[in-house]
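# Structural overview
Here's the letter readout for the chains.
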Amino acid sequence: MARSGATGYFVLPLLSPGAYRLRIEAAGYQPVEVHQLDVPVAGRLDFQFRLRPQSDVWQAGQYRSVFLPNSDAILTFYGPDVDTSRSASFTAPRGSKGALEASISQVVDPEQVRYLPLAGRDVFTTLILQPGVAAGTANSRGLGLAVSGQRPTASNFLLDGAENNNYLVSGPLNSVAPEAVQEYRISTNNFSAEYGRTAGVLANAVTRAGGNQWHGVAYFYLKNGVWNSNDFQRNLAGIPRPALHEAQPGFQAGGPIRRNRLFASASLEYLRSRGYGDPVTVQLPSTGFYSYLASLVPAFTPGVAYTKQLLADHPGPAPNSAALSAPMDVALPNFVNRWLALERIDYAAPGGRHRISVRANEARLERPNFIWSPFQGFNAPLNDNTFGLVGSVTSSLSPTVTNEVRVSFNSDELSWDRPHPEIPTLASSDQTLLPGSLAFYAYRNRSRTFEASDGVVWSRGRHLMQFGGGFLLRGIDGALTAGRDGRYTFDTVLQFATGSPSSFSTVLDRGALPAYRLPGYDSTYRYNQFQWYAQDTFRVTRRLVFNYGLRYENFGAPTNTGAVKDALFQPGTGSTLSARIAAGTLVTPSGGSEQIYRSDNGGWAARLGGSYDLSGHGNLLLRGGYGIFYDRPFDNLWTNTGLNNSALANFDIPADTTNFLALAQLSTYLLQRGNSGFPNITWVDSGLRNAYVQNFFLGLQHQVARTLTVEVNGTGALGRRLLTTDMLNRGFADNPALPVILYRANQGSSDYSALQVLARYRTPAVQFQAAYTWSHSIDNQSTPLAGDFFDLAFVRLTSGQAYEAPAAFTLQGNSRADRGNSDFDQRQNVVLSATANLPRPRGNALWTWIARDWRVSTLASFRTGFPYTVYSSSPSSGGAVNQRADFVNPGAIFQPSASGGGVLLLNRNAFADPLSGAGNLGRNSLGGPGLFNIDLSLDRSIPLQWLGEAGRLHFRADAFNFLNHANLGNPDPLLGDSGPTGFGYAQFGRKAAPTGFPGLLPLNETARQIQLMIRIEW
């Protein structure tokens, strides 16, 4: 509700895109209503209304009669007093359309979310439907989606306008059930100055609010492995399809607590998934081992008693064999439990000038077998618990000024334990799996975020101005106990039987050596950010609109405020990088706060854009824009500095036996001298600056008809000062006292260009969307954490392909030699989505009832493959890392031939190991096989009149990968891999690294899976 000023002018800003009804009222005048007003994304509607006095039933003296539109008929109007001089034509006021912001931004239609076969059922994943989005990338961070040529980490996810980001590894912090979402807006290029904190995609989901009537939905989704198909490789190997049992009940309901004033909405969803991964073969102590152990007595060696005690307390399976160890196939359990809860309260003050909204959400995620062992007592769960609270007040301060204040709080705690930390890791050099936890460390990370923002929208004449700002305060604490519990190594399983380990290793405090002291693990950080913005939309003429704005970002810098400080690498002086490393040292402050790197205070960003109405009717717009956008670093990039003061120490055990069930007395062992090289040192450049991207686009938006809209955009992006990692001190050549140094700095750059086409067709019975993208993405490094031992990407619920080259430039300090196609460079991409009501049949009443109200929906993609690099037989040798092969015979590179469960794509004779340098083959210069996937859904609805007009019962079946098609993966890129499935061999059925979570993303690489659903709406 809005009130006009003395001039009769008013504005309704901050509306969600959709269909509206507008009613104009004034005391003593007849009201006017306009229905079916479609407000587009980033759009503007202007109206001029003329109200008549209540006493004037018709407009006096204007017309005695009117011609009906498109007709020769004449209609005469008579008022209540039978005065023929009072008549009017009943033509609804027509508004003029125009663009408000020059941005590439779309709203995901609620019907799409409701009916499409959406694997994982997370509304944020519908980002995959938009043009300019590359899915299924080798980079598993975030959602694994690269948008507009930016890394998957370049994202900012909002929930009800407040941040909903996983700051540790990037991506959305909370999943959101589609039933709980009212609107989901996605901006992929050149959004306004009001938004920032990312150079890639901005995704804002708005939760469902209650209305003046109670409505709701209750649903139950079910999966079972007996309905699914087996994948290609399991069929080939004769392995049965994996077991899967998945149940997902939930509900959403909303309505009035007090009509026209107070509204409530709530949703709750639970996921219970029980599945198993592909079988793996492990070597275990056999029945022969237990027989041999039983024959031993402690008098033979005291260590026998320790072995017997350990196996008695933690028994495990024993394959039947006379040998001391034997292989056994086991299927690792992939179990998931997840709760999602959301509550929302909205209050509209009398008069409609103020609206208050409060939303709380909570999520509980557990993977019970995150750490798994065949021996009892060594399993441990991963827990990720989040809580969010946001409140906002929207106030109409005057007819032309609207203010919105928002505050929010988020808490996220990710953790897992190392079971029985009193028992060190036990390992046998003959690869026999021994009792004990396989985890190298326990982990805990807790992040608490407080955010406040204020924004004002002011309409004055032909200007619509927005300005505001806000701040974000973060507190982070946690621990990563790498190597704390030690590791005993036995030469063979026989030495394990006698309790005679040969060596012991543990992580010690590097700064305390030669004294034997464990490093500190508990860390506490402060990380504060703020921003402000100003934006003006200037309507130059009825058809021409300009946007211009300025935004300032300050991401601050993480500051260690705890008692345990990080050891930061301080380079020395010198004219070369090697000289600076040779003279460098680790420095740990004795007290006070410690800043990991200096803040970058130069985050100024301009935003420019405009639109021109070519037709004059608002249905053909020429739009363009340019903007600078900054990317903030995610936590996993810099938290590894907490391990800089850790050094792996290896000790020889001269005695025949030892109590390997307790931590070693290190003074009794012989320290192996020399640099173990583990873990690496993380050096974050103290002058680190914010990575930025220049985004620009030019395009046409054409509403061909009321049911069809086509949008064509040419887009581009120039990424500069991107964060990269280089491996320094290779082979300890520059500084023998230190291990390899992982150098995080602004050495990255990228270029992206694309042609994007989006077509949308909508009628009451059919909805169809087609998104096509041709693009080319170039960079010199696509992810700065690839191959890092402490990369925590595996805690995400998505994962990329299994092979990933480590993040480093091939030649130390040379970032230019690796410029090539990005890992996520996907040249052509078509994504189709459609939902349609099947025609109602004719016939007898029973058949008509059975065959009516069916709806079919589909989600399909057809994509070119991702690029890859051929590496030398020894890709990390001679000072080179990720050393590429030499291309010696271009004419014989591709000689495809079917072989078993795949295709031998590459000819070994076309490549050779380089004698030195990086190799003449370009990075990511070869293109992988193309991909396609089709998901299908069939829905039957039955009216339930006793539940009201909206009452319906739905039965639905979703088939993910409906055709059970196995895409061909990229070939093995390592020249040194031999055998029939070695170099150049590509398998059918692209394999991703295991995540322990069932298919999360639409169009995911799985065998055909069937999901059943029952839903009641009222």
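Worth saying up front: this structure is predicted, and the values here are computed from it rather than measured. (Residues numbered from 1 in each chain as written. Predicted model: local features only at pLDDT ≥ 70, side-chain atom pairs only at ≥ 80, totals over all residues. Heavy atoms only, no water.)

This brings us to the overall build of the protein chain. Scanning the protein chain from N- to C-terminus turns up seven helices and 53 strands. Of all 1018 residues assigned to the protein chain, the portion counted as buried reaches 54%. Within the protein chain, contacts between residues at least 6 apart in sequence are counted, and of these 73% link residues at least 24 apart. Carbon and sulfur atoms make up 57% of the accessible area of the protein chain, which amounts to about 42,600 Å² in all. (Helix = DSSP H or I, 4+ residues; strand = E, 2+ residues; numbered from the N terminus. Buried < 20%, exposed > 50% of the residue type's maximum accessible area, 1.4 Å probe, protein only. Contact = heavy atoms within 4.5 Å. Areas by Shrake-Rupley, 256 points an atom, 1.4 Å probe, with all protein chains shown as cover.)

Moving on, we get to the pairing of strand 34 (residues 646-652). By the bridge criterion, seven bridges tie strand 25 (residues 503-509) to strand 34 in an arrangement that is antiparallel. The partner of S505 across the bridge, within strand 34, is N650. (Pairing = 2+ DSSP bridges.)

Before going further, it helps to spend a moment on the sheet that holds strand 11 (residues 162-163). Paired through their backbone hydrogen bonds, the strands of a sheet run either parallel or antiparallel. One open sheet accounts for five strands, arranged 7-12-13-10-11; its pairing is mixed. The outermost strands of the open sheet, each flanked by one partner alone, are strand 7 (104-108) and strand 11. In the sheet, strand 10 (residues 155-159) pairs with strand 11 via two bridges, with the strands oriented antiparallel. The partner of L159 across the bridge, within strand 11, is A162.

Quick look at the pairing of strand 51 (residues 952-960) now. Sheet analysis places strand 50 (residues 931-943) next to strand 51, joined by eight bridges and oriented antiparallel. Bridge assignment links I942 to a residue of strand 51, and that residue is L953. Sheet topology note: the strand 51/strand 53 (residues 1009-1017) ladder contains nine bridges and is antiparallel. If you follow F955 over to strand 53, its bridge partner there is I1014.

In total, this model carries 38 aromatic pairs according to the counting rule given. Seen in terms of ring centroids, F440 and Y441 are 6.3 Å apart; in terms of plane orientation they differ by 80°. Their pairing is edge-to-face. In this structure F440 comes out as partly exposed when scored by relative accessible area, which is 30%. For Y441, a relative accessible area of 8% corresponds to the buried category. Between F789 and F790, the aromatic rings sit 4.9 Å apart at their centres with planes inclined by 80°, giving edge-to-face as the arrangement. Here F789 falls in the partly exposed class, since its relative accessible area comes to 46%. Take F790: its relative accessible area is 5%, and that puts it in the buried class. (Phe/Tyr/Trp six-rings, centres within 6.5 Å; stacked < 30°, edge-to-face > 60°.)

The strand order across the open sheet built from three strands is 46-47-52, with neighbouring strands paired in antiparallel fashion. Only two strands of the sheet have a single neighbouring strand rather than two, namely strand 46 (894-899) and strand 52 (985-987). Averaged over neighbouring strand pairs, the angle between their axes works out to 25° when direction is ignored. Pairing analysis gives three bridges linking strand 47 (residues 902-906) to strand 52, with the strands arranged antiparallel. Looking across to strand 52, one finds that L904 is bridged to Y985. (Axes fitted to C-alpha atoms, helices over the stretch in contact; angles between N-to-C directions.)

Orientation of helix 3 (residues 287-295) relative to helix 4 (residues 303-313), taken along the N-to-C sense of each, is 130°, at an axis distance of 10 Å. Judged by the inter-axis angle, helix 3 sits oblique to helix 4. Once helix 3 is placed against helix 4, the crossing between them reads as left-handed. Across the interface between the two elements, F289, Y290, L293 and A294 from helix 3 touch V304, T307, K308 and L311 from helix 4. (Parallel < 35°, antiparallel > 145°, perpendicular 65-115°, else oblique. Left-handed = near helix turned anticlockwise from the far one by under 90°.)

Residues of the protein chain with pLDDT of at least 70 account for 87%, and the chain-wide mean is 87. With pLDDT under 50 throughout, residues 58-68 is counted as low confidence; its partners more than four residues away or in other chains account for 40 contacts. Low pLDDT, under 50, characterises residues 74-96; the predicted model gives this stretch 56 contacts beyond four residues in sequence or across chains. (pLDDT = per-residue confidence, 0-100.)

The next point concerns the pattern of salt bridges. Enumeration according to the criterion identifies 38 salt bridges in this entry. Salt-bridge contacts for R359 lead to D160; the nearest nitrogen and oxygen are separated by 2.8 Å. Of this pair, R359 sits in strand 18 (residues 354-371) while D160 sits in the loop between strand 10 and strand 11; the two residues are 199 residues apart in sequence, bridging distant segments of the chain. Here R359 matches D160 in class, with each residue buried. Among the ionic pairs, E163 bridges to R197, the shortest N-O distance being 2.4 Å. Placement of E163 in strand 11 and of R197 in the loop between strand 12 (181-189) and strand 13 (201-207) is noted, with a sequence separation of 34 residues between them. For R197, a relative accessible area of 6% gives the class buried. (Salt bridge = Lys/Arg side-chain N within 4 Å of Asp/Glu carboxyl O.)

Let us now look at the nonpolar core. In summary, soluble globular proteins display a tendency toward joint burial of nonpolar side chains. Ranked by size, the top nonpolar core spans 30 residues in total, and within it L426, Y488, F496, F651 and F660 carry the most contacts. For this core, the secondary-structure elements that each account for two or more residues are strand 16 (262-285), helix 3, helix 4, strand 24 (487-490), helix 5 (493-498), strand 25 and strand 34. In this structure, I128, V181, Y184 and A205 belong to the second largest nonpolar core, which totals 26 residues. (Core = buried A, V, L, I, M, F, W, Y, C linked by side-chain atoms within 4.5 Å.)

Turning to the side chain of D477, a few remarks are in order. Residue placement: D477 occurs in strand 23 (residues 463-480). At a separation of 2.8 Å, a polar atom in the side chain of D477 contacts the side chain of R448. The contacts of D477, once residues within four sequence positions are left out, are R444, N445, R446, R448, S523 and T524. (Polar contact = N/O pair within 3.5 Å; in protein donor to acceptor, adjacent residues only side chain to side chain.)

What follows covers the environment of H314. Within the element layout of this structure, H314 appears in the loop between helix 4 and strand 17 (325-348). A C-alpha to C-alpha distance of 8.2 Å links H314 and F378, two positions 64 residues apart in sequence. In this structure H314 touches F375, Q376, G377, F378, H420 and I423, once residues within four positions along its chain are discounted.

Now for the environment of A880. Residue position: A880 is located in the loop between strand 44 (867-868) and strand 45 (886-887). On a C-alpha basis, the gap between A880 and Q812 in space is 7.3 Å, while along the polypeptide they are 68 residues apart. Not counting residues up to four positions away in its chain, the partners in contact with A880 are R730, T810, L811, P875 and G917.

Among all positions of helix 4, only G303, V304, T307, L310 and L311 are buried. The buried residues of helix 4 occupy an angular sector of 130° when projected down its axis, which confines them to one face. Packing partners of the buried residues in helix 4 comprise helix 3, strand 21 (425-428) and helix 5. (Arc of directions from axis to C-beta.)

Next up on the list: the environment of S103. Within the secondary structure, S103 sits in the loop between strand 6 (96-99) and strand 7. Expressed as a C-alpha distance, the spacing of S103 and T188, which sit 85 residues apart in the sequence, is 7.9 Å.

To continue, consider helix 3. Residues lying three or four places apart along an α-helix face the same way, a consequence of the helix completing one turn every 3.6 residues. Those residues of helix 3 that fall on the buried side of the exposure criterion are G288, F289 and L293. Down the axis, helix 3 shows its buried residues gathered within 135° of arc, on one side only. Among the exposed residues of helix 3, those pointing more than 90 degrees away from its buried face are S291, A294 and S295. Looking at the buried side of helix 3, the elements it contacts are strand 16, helix 4 and helix 5. The N-terminus of helix 3 is capped by S286, whose side-chain oxygen sits 3.2 Å from the backbone nitrogen of G288.

Cis geometry marks the peptide bond from L513 to P514; its omega dihedral reads 15°. Tracing the sequence through the fold places P514 in the loop between strand 25 and strand 26 (523-539). A cis amide bond links F678 to the next residue, P679, at an omega of -10°. Considering the arrangement of structural elements, one finds P679 in the loop between strand 35 (670-671) and strand 36 (681-684). Backbone geometry at N190 places phi at a positive 60°, although glycine is not the residue there. Relative to the helices and strands, N190 is located in the loop between strand 12 and strand 13.

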